[in-house]
Each structure stands twice: as structure tokens, then as C-alpha cells.
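# Residue-level structure breakdown
Below are the chains, spelled out letter by letter.
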Amino acid sequence: SWVVQDPSSHRSAWNQVFQNDHPLHIEVGMGKGRFLMDLAQAYPERNYIGIEMYSSVLLRAVQKADALADSLPVPPGNFRFLRLDARELASVFAPGEVGRIYLNFSDPWPKDRHAKRRLPSKEFLARYDQILAPEGRIEFKTDNRDLFKFSLEQAEEAGWTVEQLTWD
């Protein structure tokens, strides 16, 4: 199955799930999973885990993964999905276990009272800090200008370094 059950039982042992020691990259809020599956095919030397909170969205990703597997001579074995609230990341991944985190077109949660729910918030940056390797990176993409500005402010407040940015 593409979906890992009881993911906290694999904390610090994801190499056993994938049966290799490749670097682990995760996408938080993966949606239908296309980005993650494309990366998995392009970079077989990395393992990918897609995280989605909503079962209905996760189901669409599983259907896409099944279709992908059916279309290839050898289905890719380097990606899995988790149904997980991103607030629980540290219960599933050990310190330093994740090499890269992708945040792609996350829900902007436009109301001020929901700022802590935004995936690039300082609250979430603290969670990512718990699981990222020392040389780990976050890649954040959005088409929401306000969320982008917010993410830059939050990164600075949290003491993170922005290595590259573009307003394009």
C-alpha cells in the first residue's frame, strides 16, 4: 500500500520502510501527490513521503499512484503517503531524519486569527527545525503574495536564513 499505517512506529527507521539508506524528503500538504510522484521518478536515489491531513485528498493521491504504477514496467518504490496533521511531524520523524521539506501552494489561511495554521508560520518552522537535518532545507512555493510576505517575515522572526527568493 502507498499509505503507511501507524507512521510513528517508523520514527527514526524510515530506511526500513524503504529498505535503503537514501535521503528522506517530505512534502507537507501534498494534495493529489503529482509533485511528489514526479520527484520520486526523477530521483530514485531519494525517498519521498507525502503528508496530507484530509482523507478525501489522500484518496485521490492513492488513485494517481495506482495509475502511475500500472503504467510503468516497475512501479517506483521510493515514495509513500501519510495521513497526518503536520502538527504531529515530530512524532513521526526523528531529529535530523528529514533532508528537505517541500511546501507547495499551501492553504493561505487568510484570516489573522488563523496565522498559526499557515505552514510557513514560525510555529511550523519550529516543528520543521525538530526534524530537519543540520544541512536540511525547506522549499516553499506559493502564488499568494500575502502568504509569501508572511513567510519571509516569519523566517526572519524564527532566525532562519532565506537563501534564494523570487517574486516570480
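Residues numbered from 1 in each chain as written. Predicted model: local features only at pLDDT ≥ 70, side-chain atom pairs only at ≥ 80, totals over all residues. Heavy atoms only, no water.

Attention now moves to unusual backbone geometry. Across the chain, the bulk of peptide bonds are trans and the bulk of non-glycine residues have phi less than zero. Its identity is not glycine, yet Gln19 carries a phi of approximately 60°, on the positive side. Its location among the elements puts Gln19 in the loop between helix 1 (14-18) and strand 1 (24-28). With relative accessibility at 75%, the residue Gln19 sits in the exposed group. Of note, the phi angle at Phe105 is positive, near 50°, even though the residue is not glycine. Along the chain, the position of Phe105 falls in the loop between strand 4 (98-104) and helix 5 (122-131). Judged by relative accessible area, which is 52%, Phe105 ranks as exposed. (Helix = DSSP H or I, 4+ residues; strand = E, 2+ residues; numbered from the N terminus. Buried < 20%, exposed > 50% of the residue type's maximum accessible area, 1.4 Å probe, protein only.)

A separate point is the sheet that holds strand 2 (residues 47-52). Taken in spatial order, the 5 strands line up as 3-2-1-4-5 in an open sheet, and their pairing is parallel. Taken across any chain shown, the strands that pair with only one partner, and hence form the sheet edges, are strand 3 (79-83) and strand 5 (132-141). Adjacent strand axes in the sheet meet at a mean angle of 20°, parallel and antiparallel pairs treated alike. The pairing of strand 1 with strand 2 spans 5 bridges and is classified as parallel. Among the inter-strand pairings, Leu24 is bridged to a residue of strand 2, identified as Asn47. Together, strand 1, strand 4 and strand 5 form the strand contacts of helix 5, whose direction differs from that of strand 5 by roughly 140°. (Pairing = 2+ DSSP bridges. Axes fitted to C-alpha atoms, helices over the stretch in contact; angles between N-to-C directions. Contact = heavy atoms within 4.5 Å.)

Attention now moves to the packing of helix 5 against helix 6 (residues 145-157). Interaxial distance between helix 5 and helix 6 falls to 9 Å at its minimum, and their mutual angle equals 55°. Here helix 6 runs oblique to helix 5, going by the angle between their axes. In the packing of helix 5 onto helix 6, the handedness of the crossing is right-handed. The segment helix 5 lies against helix 6, with Lys122, Glu123 and Leu125 engaging Gln154, Ala155 and Glu157. Looking at the contact of helix 5 with helix 6, its residues break down into 2 nonpolar, 1 polar and 3 charged. (Parallel < 35°, antiparallel > 145°, perpendicular 65-115°, else oblique. Left-handed = near helix turned anticlockwise from the far one by under 90°. Nonpolar A, V, L, I, M, F, W, Y, C, P; charged D, E, K, R; others polar.)

Within the element layout of this structure, Glu139 appears in strand 5. Take Glu139: its relative accessible area is 28%, and that puts it in the partly exposed class. For the pair Glu139 and Glu27, spaced 112 residues apart in the sequence, the C-alpha separation amounts to 9.4 Å. Among residues more than four places away in sequence, those in contact with Glu139 are Arg100, Ile101, Tyr102 and Leu103. Engagement of the side chain of Glu139 in a polar contact is seen with the side chain of Arg100, the distance being 3.0 Å. (Polar contact = N/O pair within 3.5 Å; in protein donor to acceptor, adjacent residues only side chain to side chain.)

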